[in-house]
Amino acid sequence: MKFLASTASLLATTALSSSTTTDAAKAPHPLHPKFRSQLKCPYAENWLTKGAEAAANELGIDISSTHQQQQNNNRKLLGSDLPIAGSCTYNNSWTGDKSCMNFHGESWTLDAMVERCSSEQDGVASQGVGCEDTSDDVSGWCVKDVSTAATSMMSVPEMKEEASLMMVSAMASCDNNKMACEAFVQGTFVAIGSCASGAAGGGSSASDQADMTMEGNKCIIAPGAIGAAHQAGFSEGYSTSCPNTPAQDSPYMWPLKWAANFQTKNMGFGSDDIKFESRGRTFYALDKNWKRSDTTYQLGTLRTVGQGPCENIAGDSDTNGFGCVLNNTDGMSTMIHKGGTMYFIDWKEDTAPPVVGESDVSKIEGCSKINMAVVGNIRSDWYLDRRGDDTDVQYLGDQHVFYPDPDEGPIPMLAKQWRKKDFASQYFTMSMLGNPPNKVDKMADASVEDNMHWPMILNIPGEGFGDDMLQVYTNHELLTDEDDDLFMIVEKYIESGGECPERNSFINGDEEVVVGPPVQEVHIPSNLEVEEASWTTNEYTFSPVWQVPMKPVVTDMGAVASVSAAMSKPATEVSDRVTVESCYDEATKSIDMSFHFHDIDPTANGRLPWMAIGYRSSEVCAMTPPSGGVTPIVLVTHLEGEGEVPRAHSTSLLPTAKTLSSDAFASMYMLARDLGETDDHSDVSVIAPQVSNAAVSITRSSLTTDDTVTLNFKRAVGEKPEQLNLMYAIGMSSELGIHTTRKCFVINAFPACSSPDGEVSVVDSTKMEDAAIRATLGSSSSTVSMVSTFVTLAFSCMIGVAVWF
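Residues numbered from 1 in each chain as written. Predicted model: local features only at pLDDT ≥ 70, side-chain atom pairs only at ≥ 80, totals over all residues. Heavy atoms only, no water.

As for the side chain of Glu 358
Structurally, Glu 358 can be placed in the loop between β14 (341-347) and β15 (364-371). Its relative accessible area of 8% is what places Glu 358 among the buried residues. Side-chain polar atoms of Glu 358 contact the side chain of Lys 363, separated by 3.2 Å. In contact with Glu 358, not counting residues within four places along its chain, are Arg 292, Asp 294, Met 332, Trp 347, Pro 353, Lys 363 and Ile 489. (Helix = DSSP H or I, 4+ residues; strand = E, 2+ residues; numbered from the N terminus. Buried < 20%, exposed > 50% of the residue type's maximum accessible area, 1.4 Å probe, protein only. Polar contact = N/O pair within 3.5 Å; in protein donor to acceptor, adjacent residues only side chain to side chain. Contact = heavy atoms within 4.5 Å.)

In structure tokens, the structure reads:
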């Protein structure tokens, strides 16, 4: 399976160079199956699956920075002030085309260039000759300082840079290239060619979220949906008192420095049978954005996406041939996550066995790493608030549960619980200790531990890519700065002469599997799907600082009818970005719908990004049917030559579009027809006050603002449907390509449409009340974009969030 990409392989298509070449050897990937149980937290499976659409789908925010101002004339041609030592040509595993990077600086040796080039697919290193940048499609260079290599024993500081050539294409505009470079690669984008004139303009930076960032660059969360649970990879750490956050100083957030044993059990859909079990101990230093996990036991069939080579693939009907049978009940494997980098450590088997928390680096067999870029460690208040895109939270209150104490067995425990919803409309349940030992006595001299609300039980959904999990924490302890050595074993190992290379491919038998976006999706149902009847937003954090928002209260059903009459159709708040109004027209046997896309701003070329509504064939949340075929979509575009206002088209989402295929996008354009000219759509209109110079009177809905794009149409359906399975996506640019956000949703409110004279048909009161409340919430909702100069970007086709607990 494919699960992550190296930073350079995410860049756009490049030109080639000709030179004397040295074939780069292929390197194995670090993720042996024994490391896979480390990946068991909210959003982890989807982030790995989508590889780096891990980040453009969820990130998809307009990221700019002041790095561009650092460029000068010398760098515009070569991308670096340092001399060229050589270059590397390779196959871009995301585009399938050739790519190229320059090595700048006298510290680059031929061996070092060959080693670096070997991490790319079919990499070929060349000494003394750089990449050509004469193509008309060149957008610029992505320059990254890599001087701080794993050579701390050097007496002379080294100066080394990598400069990757980036190209403009149908799926990568100048802005896209700049964002991919600065956000994911954490480099400096040096524009050349057609991108040079507008590359340095405007944008937001890390200062835009300064009101939530502590001095020292702490409390920075990842952008988009990743921020629903993560610190940013570049954040210097987190705090229990991040300013202006909903959970500031809450006693119920996770401690910053702590450790606990964990036991995790995986259960298949529709059953309580245990499919897989793992045990170990996890250490956190979240104030530094650090985590360590020592896994000592793995048994059963692990079903998750992005698995490394597996010696015993599950082939029974119960797993549909998907999963890896593991029996690692001896020994230990270690994962360390520091900032935007994750390390995997193998321990020697022919010496004294390592112990949990081992610090003797002479026992290390090997080390490897992957660049997590956008994904830092968990933020300690992740389950308490609604920050981040495509997420929600529900405080549940208290209940007694049986807690599996390791010494006494199951004992009653009061748990204070929160549910956290993800972009896939599945939820996690976090159970915190409700009654710490000192709660009743309130002794002033009690220890911090006796007042601590420890994390106790965490329920994790499979998110469509694995089995659900139940994780229990026991034997808790607080850590201090004196325990930081637990997290420093990689540095000590390198200082002792060891190496910890970055990998982007692995060997599975005789086959080399190169990292890249997945072509097929495997959907595994979850027992933890959000039920509309059981979910309501309830953001309550017990913060002594934050003010709880007012909740709408509807008691007079006459008032409810007035609210509904004020709307032409009942409204469903799908997310902060989309609200949908819908009703059923008996006379025309059609549904009358309005889709309101919120927070839509023009891109750098003055055009609005593309927007789309997809008709899913089933309840499965997939871009295209898992069984094969295409997904009908309504595509709203604002391309050059289309006029002042965006236009709505009917076309099909092709399976190959998931790989960002330019041919797929071209085919989708060719298949597009004006939506109003199709047989099943009528009364089509698109309202976009952002780009229209004409005075537009918006009378159809009270849910629109100056940055809302509204798509209206009627669709012939025959008899009134029970529900519509839909999805939406909002693009990053005006041309088809990666999207900034995406979500599946269901519409099941289809009361009779209002008559021309304004009369409102009588509908079910419970649905009316729900619609009124949603409309009230929807009209006041807004999206706060967490934009940062140092934001990192993982880049693919359908993205999610990864949380590594």
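Some details on the sheet that holds strand β32 (residues 709-716)
Pairing within the open sheet is antiparallel, and its five strands lie in the order β24-β25-β26-β32-β31. The sheet is open, and its two borders are formed by β24 (571-573) and β31 (681-687), each paired with just one other strand. Ignoring strand direction, the axes of neighbouring strands in this sheet form an average angle of 15°. When strand β25 (residues 578-585) meets strand β26 (residues 590-597), the two strands line up antiparallel, connected through eight bridges. Residue Asp 585 lies in a different strand from β26, and its bridge partner there is Ser 590. (Pairing = 2+ DSSP bridges. Axes fitted to C-alpha atoms, helices over the stretch in contact; angles between N-to-C directions.)

Things to note about helix α8 (residues 662-671)
All of the buried residues along α8 are Ala 664, Phe 665 and Met 668. For α8, the angular spread of buried residues about the axis comes to 100°, placing them on one side. In α8, the exposed residues that point more than 90 degrees away from the buried face are Asp 663 and Met 670. The inward-facing, buried residues of α8 contact β28 (631-637) and β29 (647-653). (Arc of directions from axis to C-beta.)

Points about the confidence of the model for the protein chain
On average, residues of the protein chain carry a pLDDT of 75, and 69% of them reach 70 or more. Averaged pLDDT values over the elements of the protein chain bottom out at 35 in helix α9 (residues 765-780) and peak at 97 in strand β19 (residues 427-433). Under a pLDDT of 50 for its full length, residues 149-155 has, in the predicted model, six contacts with residues more than four places off or in other chains. (pLDDT = per-residue confidence, 0-100.)

Here's the deal with the pattern of salt bridges
Summed over all chains, the structure comprises 25 salt bridges. Linking Glu 477 and Arg 281 is a salt bridge whose minimum nitrogen-to-oxygen distance equals 3.1 Å. Of this pair, Glu 477 sits in strand β21 (residues 468-478) while Arg 281 is found in strand β10 (residues 274-285), placing the two residues 196 residues apart along the sequence. Taking the relative accessible area as the measure of exposure, Glu 477 reaches 34% and is therefore partly exposed. Put simply, Asp 683 and Lys 714 hold a salt bridge, and the shortest N to O gap is 3.7 Å. Residue Asp 683 is found in strand β31, and its partner Lys 714 is found in strand β32; the two are separated by 31 residues along the sequence. For Lys 714, a relative accessible area of 16% translates into the label buried. (Salt bridge = Lys/Arg side-chain N within 4 Å of Asp/Glu carboxyl O.)

Some details on the sheet that holds strand β27 (residues 611-615)
Judged by pairing direction, the sheet is antiparallel, and its six strands sit side by side in the order β30-β29-β28-β27-β33-β34 without closing on themselves. Sheet topology places β30 (673-674) and β34 (739-747) at the edges, where each strand pairs with a single neighbour. In the packing of α8 onto the sheet, the strands contacted are β28, β29 and β30, and the crossing angle to β29 comes to about 125°.

Some details on the state of the cysteines
A complete count under the given rule lists six disulfides for this structure. Shown here is the disulfide that connects Cys 88 with Cys 117, its sulfur atoms set 2.0 Å apart. Here the disulfide of Cys 88 and Cys 117 is right-handed, its torsion about the S-S bond being about 75°. Of this pair, Cys 88 sits in strand β2 (residues 84-91) while Cys 117 sits in helix α4 (residues 110-117), placing them 29 residues apart in sequence. Since its relative accessible area comes to 0%, Cys 88 is described here as buried. One disulfide in the model links Cys 583 with Cys 753; its S-S distance is 2.0 Å. Across the S-S bond linking Cys 583 and Cys 753, the dihedral sits near 95°, which makes this disulfide right-handed. Of this pair, Cys 583 sits in strand β25 while Cys 753 sits in the loop between β34 and α9; the two residues are 170 residues apart in sequence, bridging distant segments of the chain. (Disulfide = S-S within 2.5 Å.)

With respect to the pairing of strand β3 (residues 98-104)
In terms of burial, β3 is a largely internal element, six of the seven residues being buried. By the bridge criterion, seven bridges tie β2 to β3 in an arrangement that is antiparallel. Opposite Thr 89, over in β3, you have Cys 100 as the bridge partner. In terms of strand pairing, β3 meets strand β6 (residues 161-167) through four bridges, oriented antiparallel. Looking across to β6, one finds that Met 101 is bridged to Ser 164.

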